[in-house]
Amino acid sequence: MKKSRIFGVIAAAAMAVSAFVSMPVSAADTYHAYLGVQTNPSWIFRNGWNDASFGKDYEAFNKLSKDGAPADIDGTFTDVDITGDGTYKVSLTGADLSGEDLFSLLFVSTDIPADSGVSITDVKVIIDGQTKYTFDEAYIPEDTGDYITVQARNIWNDELGKEDGLFAYTMPNDSVEMEFTVSGIGAADAAPADDAAAAPADDAADTSAPAADTAPTTSASTGNLPVAAMASVAAVAGVVAVVSRKRK
């Protein structure tokens, strides 16, 4: 075999190994979800993360607001990182909204692209620790925009029952949560919902059973060099050694 042909084979093999090794182990992204609320009649609110005026850049985004400023109501929002397929929960706790009549809006705002192919199911509305309703399939309005928004209450939406809504509830004197299951991302290490906050199954207002206490997760890739790539590297090294000996 001519020397140039030998080196040609070595170069081609090295390029193939380089391309293989440089492939990402996981192409998954981390997304985020936020609880959004709006009450009636006082219009206490937290808007979606990408709202032009009251989104993440709004200085009081992590608090309840009223009349364009922080509301005089305590409450802690807990958002969540979506790292892969699994069950997640967003919440507002320590907030007494019992003086309000109803939620005019109750939703989950995410930065998952609307055209990503991600599915959201088993959406639970949990008020003061009690599951009030479960959507087998998430209700995502047609005008969701660039990112997926999951709505549970919208008094201007016919499909969600307008002011009557699809389920009975009383306004929370402590907490409101939304739990949901994500699939189609394919990444790993999704954090299961907090077991302590799971709703009891015998709540008289429930219209469906709560989700299982734990959500299935998958294992993350380790990022180690694949065995096939290591073998290929070894093979190329062996060819180089043979050529080196023949040239002496």
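Residues numbered from 1 in each chain as written. Predicted model: local features only at pLDDT ≥ 70, side-chain atom pairs only at ≥ 80, totals over all residues. Heavy atoms only, no water.

### Some words on the overall build of the protein
Along the protein, the regular secondary structure elements total two helices and twelve strands. Each helix and strand of the protein, ordered N terminal to C terminal, gives the series α-β-β-β-β-β-β-β-β-β-β-β-β-α. Within the span of the protein, comprising 248 residues, buried residues form 42% of the whole. Nonlocal contacts in the protein, meaning residues at least 24 apart in sequence, comprise 70% of its contacts between residues at least 6 apart. For the protein, the exposed surface amounts to about 13,400 Å²; the carbon and sulfur share of it is 51%. (Helix = DSSP H or I, 4+ residues; strand = E, 2+ residues; numbered from the N terminus. Buried < 20%, exposed > 50% of the residue type's maximum accessible area, 1.4 Å probe, protein only. Contact = heavy atoms within 4.5 Å. Areas by Shrake-Rupley, 256 points an atom, 1.4 Å probe, with all protein chains shown as cover.)

### Section: the side chain of Ser175
Checked against the element boundaries, Ser175 lands in strand β12 (residues 175-183). Ser175 gets classed as buried once you look at its relative accessible area, which sits at 8%. Ignoring anything within four residues of it in the chain, the contact list for Ser175 reads Leu92, Thr93, Ala95, Ile126, Ile127, Asp128 and Gly129.

### Here's the deal with the pattern of salt bridges
Within this structure, the stated rule accounts for four salt bridges. Across the pair Glu177 and Lys89 runs a salt bridge whose closest N-O atoms are separated by 3.7 Å. Residue Glu177 is located in strand β12, and its partner Lys89 is located in strand β7 (residues 86-93); the two are separated by 88 residues in the primary sequence. Neither residue differs from the other here; Glu177 and Lys89 are each classed as buried. With its nearest N and O atoms 3.8 Å apart, the salt bridge here joins Glu179 to Lys89. Residue Glu179 is located in strand β12, and its partner Lys89 is located in strand β7; the two are separated by 90 residues in the primary sequence. (Salt bridge = Lys/Arg side-chain N within 4 Å of Asp/Glu carboxyl O.)

### As for the sheet that holds strand β9 (residues 119-127)
If you trace the five strands from one edge of the open sheet to the other, you get β5-β7-β12-β9-β10, paired in antiparallel fashion. With partners counted over all chains shown, the strands left at the sheet margins are β5 (76-78) and β10 (130-137), one partner each. The sheet shows a mean angle of 15° between the axes of neighbouring strands, taken without regard to direction. Two strands pair when backbone bridges link them, and β9 and β12 are joined in this way by seven bridges, in the antiparallel orientation. Each bridged residue has a counterpart across the sheet, and for Thr121 the counterpart in β12 is Thr181. (Pairing = 2+ DSSP bridges. Axes fitted to C-alpha atoms, helices over the stretch in contact; angles between N-to-C directions.)

### A few points about the environment of Asp85
Along the polypeptide, Asp85 turns up in the loop between β6 (80-82) and β7. Judged by its relative accessible area of 22%, Asp85 falls in the partly exposed class. Asp85 sits 33 residues away from Val118 along the chain, and the two C-alpha atoms are 9.3 Å apart. Here the side chain of Asp85 touches Ile185 through a polar contact of 2.9 Å, landing on its backbone nitrogen. Reaching out from Asp85, the side chain makes a polar contact with the backbone nitrogen of Gly186 at a distance of 3.1 Å. (Polar contact = N/O pair within 3.5 Å; in protein donor to acceptor, adjacent residues only side chain to side chain.)

### Focus: the layout of surface pockets
Each pocket or cavity is described by its volume, and for the largest pocket that value is around 330 Å³. Along the walls of the largest pocket sit 17 residues, with Gly48, Phe107, Thr144, Thr149 and Gln151 positioned nearest its centre. Elements represented by at least two residues in the lining of the largest pocket include exactly β8 (102-113) and β11 (147-154). Of the residues assigned to the lining of the largest pocket, the class counts are four nonpolar, ten polar and three charged. (1 Å grid on protein atoms, 1.4 Å probe; cavity = no way out; pocket = protein on both sides within 12 Å on 5 of 7 lines; lining within 4 Å. Points joined across faces, edges and corners; volume = space filled by probe spheres on them. Nonpolar A, V, L, I, M, F, W, Y, C, P; charged D, E, K, R; others polar.)

### Details of unusual backbone geometry
Leave glycine aside and you will find that most residues have negative phi; peptide bonds, for their part, are mostly trans. Of note, the amide linkage connecting Asn40 to Pro41 takes the cis form, showing an omega dihedral of 15°. Along the polypeptide, Pro41 turns up in the loop between β1 (31-40) and β2 (45-46). Even without being a glycine, Asp67 presents a positive backbone phi close to 55°. Within the secondary structure, Asp67 sits in the loop between β3 (65-66) and β4 (69-70). Looking at Asp67, the relative accessible area reads 70%, which means it is exposed. Even without being a glycine, Asp122 presents a positive backbone phi close to 50°. Within the secondary structure, Asp122 sits in strand β9. For Asp122, a relative accessible area of 33% translates into the label partly exposed.

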